Structure formats: C-alpha cells, structure tokens
Amino acid sequence: MSLLTRNDIIEKALELGFEDVGFTTAEPFDAQFGYLRDHQDEYGWTEKVGLGLMAGTDPKAVMPSAKSIVVLLEGYFREAFPSALEGHFGRCYLDDDRVTKDALALRIKAFRSFLRENGIDSKVPFNLPHRAAAMRAGMGTLGKNALLYSCRAALESSWVLPLTVVVDKEFAPDTPAGGLGCPEWCRNVCVAACPTKALKGNGSIDPRKCISFMTYFGKEITPRELREPMGLYVYGCDRCQNVCPRNLPWLSRERPVNARVEGKAKDFDLRALLHMDAARFKSRVWPHMFYLSPSNLWKWKMNVARAMGNSRDDSYVPDLIRAWDENDDTRLRGVIAWALGRIGGKKAKDALGRFLAGSVGDVQEEILAALGSVQESTRTA
Ligand code: SF4
Ligand code: SF4
C-alpha cells in the first residue's frame with residue numbers, strides 16, 4: 001500500500017518542472033462523451049484517424065484499476081521562440097518531443113517512476129479529455145477560444161498543456177473550476193479574430209474550420225477562399241491566443257530564447273521547407289512536427305507556398321518557380337500559381353505564362369485566376 005500523500009506528489013511534480021498539479025476522480029467525463037456523440041459531423045474524423053477520443057472519456061476503460069487522475073500542467077511557452085518561427089508555426093508544436101522523447105517525455109517518465117517506486121501504478125493516455133480533466137481538478141477555466149486558461153500558473157494564461165496521469169490510488173479530489181472565465185468587457189476578441197470562423201463564441205470550436213486542423217489534416221488543395229485568411233501560418237495557429245487579453249501579461253514579459261528551438265530554426269526556414277526532399281523531411285522536420293507523413297510532403301509545401309504568397313515578398317518568386325519545376329503534384333502546383341499571382345510583378349507573371357502552356361484542368365484554372373490577379377496588381381502598382 002502506498003503512503004504517498006497529495007503533498008508528496010505536488011512537491012515531486014513541481015520539482016520536475018511542471019507548472020501546477022491537481023487531482024480529480026476517475027469518474028467518466030459524461031458531458032464530454034455526450035458532446036462528441038452529438039457533434040460527430042465535427043469530430044467523427046478523430047475516430048477515423050485513431051485518436052479514440054470517445055473511449056478516452058472513461059478513465060476506467062483506459063486503466064481498469066483507475067482510482068484518481070493527477071493532472072499536470074506543462075508550460076510550453078516558458079522561453080521565447082525565434083520570431084520567424086512564431087509567425088509560421090503554432091507555439092505548442094515548436095518544442096514538441098513526442099517523437100524524440102528527450103525533454104518533456106523524460107520528466108513524465110521520472111514522475112511515473114516516482115509513483116511506481118512508491119507503489120502506485122499509472123498510465124498517461126493521450127486520449128483523455130485533458131482540458132476537462134484540468135477543469136475538474138480545479139486548475140483552469142475555458143476561454144471562448146476553446147482553450148484552457150490556468151487558474152494559478154503561467155500568469156493565468158493559456159500557454160499551458162494539461163497532461164493526465166491516471167493512477168490506481170485514490171486521492172481527495174480538488175474542487176472543480178471550469179466554465180468560461182472570460183471577462184465580459186473582452187467582447188469576444190478571439191472569435192472576431194479567428195480568420196476562418198472556427199470559434200462558436202461559447203467556448204467550443206468546429207475543429208474542421210481551424211487553421212491548425214487544415215494545415216495538417218486537410219485532405220485536398222486549400223480552398224481558394226481560405227488561402228488569404230490562413231495567412232502566414234504553415235503548421236498550427238496561435239492567432240486567437242495572441243489577441244486574448246487574458247494572455248497579455250504573459251506575452252508582455254521578456255524571456256530568453258529557447259536554445260533547443262533556435263538550434264533547429266534553419267530547418268524550418270520557408271525556403272528550406274519548400275525545397276526539402278523526403279530524406280531531409282524525415283530526418284529534420286518529421287521528428288518535430290509529425291502529423292504529416294512523408295507521403296504528404298506536398299501538403300507541407302503547399303502550406304509553405306501559400307504562406308509565401310501571403311507574405312507578398314517578391315524575393316520568394318524564384319523559389320516558387322523552382323518549386324514548380326521540382327514538383328508535379330497538381331495541388332501544390334495550384335497553390336504555387338496562386339502564390340505567384342498574390343505576390344505579383346513581371347517575373348511572377350512571366351512564369352505563370354510559361355506554366356500555362358503545359359497545364360490542363362484544375363492547374364490551368366488556378367494559373368488563369370492567378371494571371372488575373374497579377375494583372376490587377378500590376379495595374380495598381
Ligand atoms: S487557432 Fe487560429 S484558426 Fe484555430 S480557432 Fe484559433 S484563430 Fe481560429
Ligand atoms: S479573447 Fe476574450 S473572449 Fe476570447 S478567450 Fe480571450 S478573454 Fe475570452
């Protein structure tokens with residue numbers, strides 16, 4: 001029988017660098033189950049890709065001996081990231097070690113070893129409703145951007161990742177927090193700022209409309225009407241967090257740059273991504289941002305081409321032309337044509353004219369649309 005107390009666990013978790021610790025029961029998350037069941041149009045895809053969110057709403061299905069859940073809060077934005085990366089990637093993906101397992105994974109392992117050495121078995125399932133567990137453990141409230149805001153850590157911001165550790169020993173649960181914690185005066189800034197209208201305004205989201213989803217789970221060429229709203233993001237999106245007044249105290253602080261992330265920044269330079277081959281992708285990119293497999297290289301490049309187009313930076317024109325010659329995927333070529341049209345100028349227009357000669361179908365249509373926008377931008381220049 002384990003003699004570990006709540007305080008022992010809290011002390012160990014804080015010593016290992018977690019921002020906050022809370023406890024809740026191993027009761028099922030019935031409301032979450034009902035929400036997923038009633039919104040299959042929005043969440044059905046999660047079952048198809050094997051996320052198992054519905055099964056995860058019952059901790060005892062994950063671990064039959066479950067008695068409690070220890071919730072750990074990880075601060076993923078304790079150090080600053082190079083601004084060139086923040087402009088194109090969601091912060092929560094920039095120092096992700098789920099493949100390399102050489103940072104957060106080691107601390108979780110140490111925490112579980114501590115529990116095991118003290119007679120407690122544990123599991124860290126990926127599919128539990130982490131935000132709901134953190135709210136039930138009294139650690140945070142919801143924002144209208146559908147994200148968890150800490151009650152105590154990280155200056156009460158949303159730059160935290162809740163992790164659930166299911167254990168086979170019962171601990172007194174904390175008093176649940178939860179509900180929307182947004183000040184009335186905010187006037188739904190995040191909802192208004194979401195460029196793809198993914199937020200419903202009541203703390204829930206249609207994940208299919210979120211840029212994060214579209215950058216890695218979107219299956220086809222990015223629809224033309226979404227390319228401009230998706231802006232410069234290549235993988236993930238932080239817009240609804242960046243505009244949130246609940247996050248301003250954290251955002252306004254000076255902090256040192258994350259050396260791990262700075263070290264790999266050159267691999268995530270837009271030009272390097274646009275021209276990468278499968279070997280480079282597998283060794284440099286995939287270990288850090290792994291939702292897209294090597295067979296989806298075209299999608300990475302399509303996202304990069306769209307971001308380059310939205311940058312309006314004509315120094316990208318030669319790269320886009322080169323990428324056209326390097327790739328024959330019609331979805332990628334369609335967005336390259338769009339990007340050249342969006343940047344505009346003589347070089348882009350000449351290239352589009354050359355591409356048009358050998359193109360048919362959807363790509364031809366994209367080029368014609370792009371040539372239309374080039375003519376407009378040269379008329380107004
Ligand atoms: S992450 Fe971006 S696209 Fe998704 S809800 Fe927030 S602002 Fe909208
Ligand atoms: S922007 Fe406003 S409404 Fe949205 S999460 Fe922040 S405080 Fe809440």
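Structure's up top.
First, a word on scope: everything that follows refers to the structure included in this document. (Residues numbered from 1 in each chain as written. Chains lettered and ligands numbered in written order. Predicted model: local features only at pLDDT ≥ 70, side-chain atom pairs only at ≥ 80, totals over all residues. Heavy atoms only, no water.)

1. With respect to the environment of Leu-352
Topologically, Leu-352 is positioned in helix H20 (residues 346–357). For Leu-352, a relative accessible area of 0% translates into the label buried. Taking the C-alpha atoms as reference points, Leu-352 and Val-374, separated by 22 residues in sequence, lie 9.3 Å from one another. For Leu-352, the contacting residues outside a window of four places in its chain are Ala-337, Leu-340, Gly-341, Ile-367, Ala-370, Leu-371 and Val-374. (Helix = DSSP H or I, 4+ residues; strand = E, 2+ residues; numbered from the N terminus. Buried < 20%, exposed > 50% of the residue type's maximum accessible area, 1.4 Å probe, protein only. Contact = heavy atoms within 4.5 Å.)

2. A closer look at the packing of aromatic side chains
All chains considered together, the criterion is met by 21 aromatic pairs. A centroid spacing of 5.0 Å and a plane angle of 50° characterise the contact between Trp-45 and Phe-217, whose relative ring orientation is tilted. Pair noted here: Trp-45 is in helix H3 (residues 40–48) and Phe-217 is in the loop between helix H10 (211–216) and helix H11 (224–227), with a separation of 172 residues, a long-range link. Put simply, the rings of Trp-45, Phe-89, Tyr-93, Phe-213, Tyr-216, Phe-217, Tyr-235, Phe-268, Phe-290, Tyr-291 and Trp-300 touch in pairs and so form one group of aromatic residues. Over the face of the ring belonging to Phe-18 we find Arg-107, whose NZ or CZ atom lies 4.6 Å from the ring centre. When the ring centre of Phe-29 is taken as origin, the NZ or CZ atom of Arg-136, which lies over that ring, is 3.9 Å away. (Phe/Tyr/Trp six-rings, centres within 6.5 Å; stacked < 30°, edge-to-face > 60°. Lys NZ or Arg CZ within 6 Å of the ring centre and 35° of its normal.)

3. Digging into helix H17 (residues 297–311)
Given a rise of 1.5 Å per residue, 15 residues ought to cover 21 Å, and the 21 Å separating the end C-alpha atoms of H17 matches this to within 8%. Burial analysis of H17 places 14 of its 15 residues in the buried class, the great majority of the element. Just downstream of H17 lies Arg-312, where phi reads positive at about 60°. (Expected span 1.5 Å × (residues − 1).)

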